[in-house]
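Chain residues, written in single-letter form:
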Amino acid sequence: MGNLRFTEWQRLPISLTELCINTTLRCGQSFRWRKSGDDEWSCALHGRILSLRQDAEFLHYRAIFPSKPNHLLPSPPPSATPSAAESPSPEDDDTPALIEHYFNLRPNLGQLYEEWAAADTNFKEKAPKFTGVRILKQDAWEALVGFICSSNNNIARISQMVEKLCTNYGPLIGHLGKTPYHDFPPASALTDAKVEQQLRQLGFGYRAKYLYQTALMVSDKGEAWLDGLRNPESPVLGAEPCSGGQFTDGGREGYRTAHEELLALQGVGPKVADCVCLMGLGWGEAVPVDTHVWQIAQRDYKFGKGKHSSLTKATYDAVANKFRGLWGKEAGWAHSVLFTADLKTFSERLVAKVGVKEETIEVKVEQEDVGIISKTEEKVASKKVKREAEDEHQAVEAQGRTTKRTRRSRAR
DNA sequence: AGATACCCTGATGT
DNA sequence: AACATCAGGGTAT
């Protein structure tokens, strides 16, 4: 360490309705982003540490590269490795291209929200407090592993498990302060026969076997196999998009093929397969139906009776088809907005707290954060107001909304 | 189709 | 304080 190449902070113009990182990075589609400071998020990505901040007009970013090619990185042919010792000029830094790719910035999210709202009154009602939720283009292998870990699990522990996977099997990219940042390990790093037991040791439980066996299969099929299941409209970084086929309520043929192929992997059922299709392979019509979505379908879309009284495979398909019929080709994106709106982490945005009658009730209720509250209460159980300053990122978020909403947040 | 076990962790209840 | 119970982005049998 110490041999690091810093780039200066740069910025990309983008509105909070097109991308809100505070929501998108916390809604359970990616498990590796960490807060690296007040209002700052960081993650090891494509051989660098990428740090982000966001205000109402710009996404600010900075990349930190190892100064020398890391010998721990999966080694490409030496000719393909750019001379990393050169000091980077902002012009040939590929970080903006990486950001556009990773955050999937091409689709016009504001317009999509309008279309979904026009087609669905429930979406229209729920979405305004959850703008800027964008489906990421994550690495397919990483998505596969993350969502295998997600079964019968919670987001906090999934993140913890992914973290352990990276620190134990992934290449070290560098440090931010004292915190090490490892990139995600390739499948080939998990094929040793000892891996299953090691993962159990690390607290993966029954998922240890799933991960080991899936790593074997993916590794055996070749590293190109997974990306071969991609939506051709959403190719890997640097490739040219082409048509993805004819859309129906059941999804495009390529999507159905990808879904079916993924089901052959250990620990991958319909829900995990859809998560990988949506967030790792670029199939916008994939609609993962988990317990949250099932509850939403029952509460707001009249499922849960008669033939579809329980979440069988047939019900699963019926729910997903219903949403594809309602929201169209990017149904998975719309689904993610409603899923996010249902997460306990964000529940404070929905209901104004029945504030205890004190001078503390003037706190803007829509800017609370459950996670931060619980942390705060560990330390000072009585002072419930202190959190306001800790949560500026949500203030930024609110700032981007209409003044109408800012007013209303004081209403109780 | 429906029922059960599966690993573990933090939160909540006695 | 110690211990029981349970839910948490499902899947395999």
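As annotated in an unreviewed UniProt entry, chain A carries the name DNA-(apurinic or apyrimidinic site) lyase and is attributed to Phyllosticta citrichinensis. Its UniProt record gives chain A the following Catalytic activity (unreviewed entry) comment, quoted word for word: "2'-deoxyribonucleotide-(2'-deoxyribose 5'-phosphate)-2'-deoxyribonucleotide-DNA = a 3'-end 2'-deoxyribonucleotide-(2,3-dehydro-2,3-deoxyribose 5'-phosphate)-DNA + a 5'-end 5'-phospho-2'-deoxyribonucleoside-DNA + H(+)". As stated in UniProt under Sequence similarities (unreviewed entry), the record for chain A gives "Belongs to the type-1 OGG1 family."

Those residues of helix α12 (residues 291–300) not exposed but buried are V293, W294, I296 and A297. Seen end-on, α12 carries its buried residues on one side only, within an arc spanning 160°. With respect to the buried face of α12, the exposed residues turned more than 90 degrees away are T291 and R299. The elements touched by buried residues of α12 are α13 (313–327) and α14 (331–342). Where α12 starts, the residue carrying a side-chain oxygen 2.8 Å from the main-chain nitrogen of H292 turns out to be D290. Once α12 finishes, K302 follows within two positions and takes phi at roughly 65°, a positive value.

This part is about helix α8 (residues 207–221). For α8, which comprises 15 residues, the first-to-last C-alpha distance of 21 Å matches the rise-based estimate of 21 Å (1.5 Å per residue) to within 8%. Tucked inside the fold, the buried residues of α8 contact α5 (140–148), α6 (155–169), α7 (195–201) and α9 (224–227). Phi turns positive one or two residues past the end of α8, at G222, with a value near 95°.

Turning our eyes to something else, we now look at the protein's contact with DNA strand C. The full set close to DNA strand C counts 24 residues, and G28, N153, G269, D290 and T291 are the nearest of them. Within 4 Å of the protein, the contacting atoms of DNA strand C are 59% sugar and phosphate, with bases supplying the remainder. Here a base nitrogen of DNA strand C and a side-chain polar atom of Y206 are 3.2 Å apart. Among the secondary structure elements, those contributing two or more residues to the surface near DNA strand C are α11 (270–279), α12 and α14.

What follows is about the UniProt feature "domain: HhH-GPD" (unreviewed entry) in chain A. Listed under "domain: HhH-GPD" (unreviewed entry) in the UniProt record, and renumbered for this structure, are residues 149–343. Helix makes up 50% of residues 149–343 and strand makes up 5%, while its end C-alpha atoms are separated by 18 Å.

So, about the pattern of salt bridges. Tallied over the entire structure, the rule returns 14 salt bridges. Note that D94 and R48 form a salt bridge whose closest N and O atoms lie 2.7 Å from each other. Taken as a pair, D94 in the loop between β6 (58–66) and α2 (95–102) and R48 in strand β5 (residues 48–54) lie far apart in primary sequence, 46 residues in all. Look at R48 and you get buried, because its relative accessible area is 4%. Linked by salt bridges that have partners in common, K126, R299, D300 and D342 make up one network.

Cut-offs applied
- In every chain, residue numbers begin from 1 and rise along the written sequence.
- Key to labels: chains lettered from A, ligands numbered from 1, both in the order written.
- Whole-chain, interface and lining totals are the exception, using all residues; otherwise, since this is a predicted model, local features are given only for residues with pLDDT of at least 70 and side-chain atom pairs are given and counted only at 80 or more.
- By convention in this description, side-chain values take in all heavy atoms of the structure and omit both hydrogens and water.
- UniProt positions are given in the numbering used here, feature names are shortened, and annotations may be inferred rather than shown by experiment.
- Type-normalised accessible area, obtained with a 1.4 Å probe on protein chains alone, sets the label of each residue: buried when under 20%, exposed when over 50%, and partly exposed for intermediate values.
- Helix numbers and strand numbers start at the N terminus; a helix is a DSSP run of H or I with at least 4 residues, a strand a run of E with at least 2.
- In this description, the arc belongs to the directions extending from the helix axis to the C-beta atoms.
- Any pair of residues with heavy atoms lying within 4.5 Å of one another is described as a contacting pair.
- N or O atoms closer than or at 3.5 Å make up a polar contact, with two conditions inside protein: a donor-capable atom paired with an acceptor-capable one, and, for residues adjacent in sequence, both atoms drawn from side chains.
- The length a helix should cover is 1.5 Å for every residue beyond the first.
- Near, as used in this document, describes a residue that has one of its heavy atoms within 4 Å of the molecule or strand being considered.
- Between Lys or Arg on one side and Asp or Glu on the other, a salt bridge is scored when a side-chain nitrogen of the former is within 4 Å of a carboxyl oxygen of the latter.

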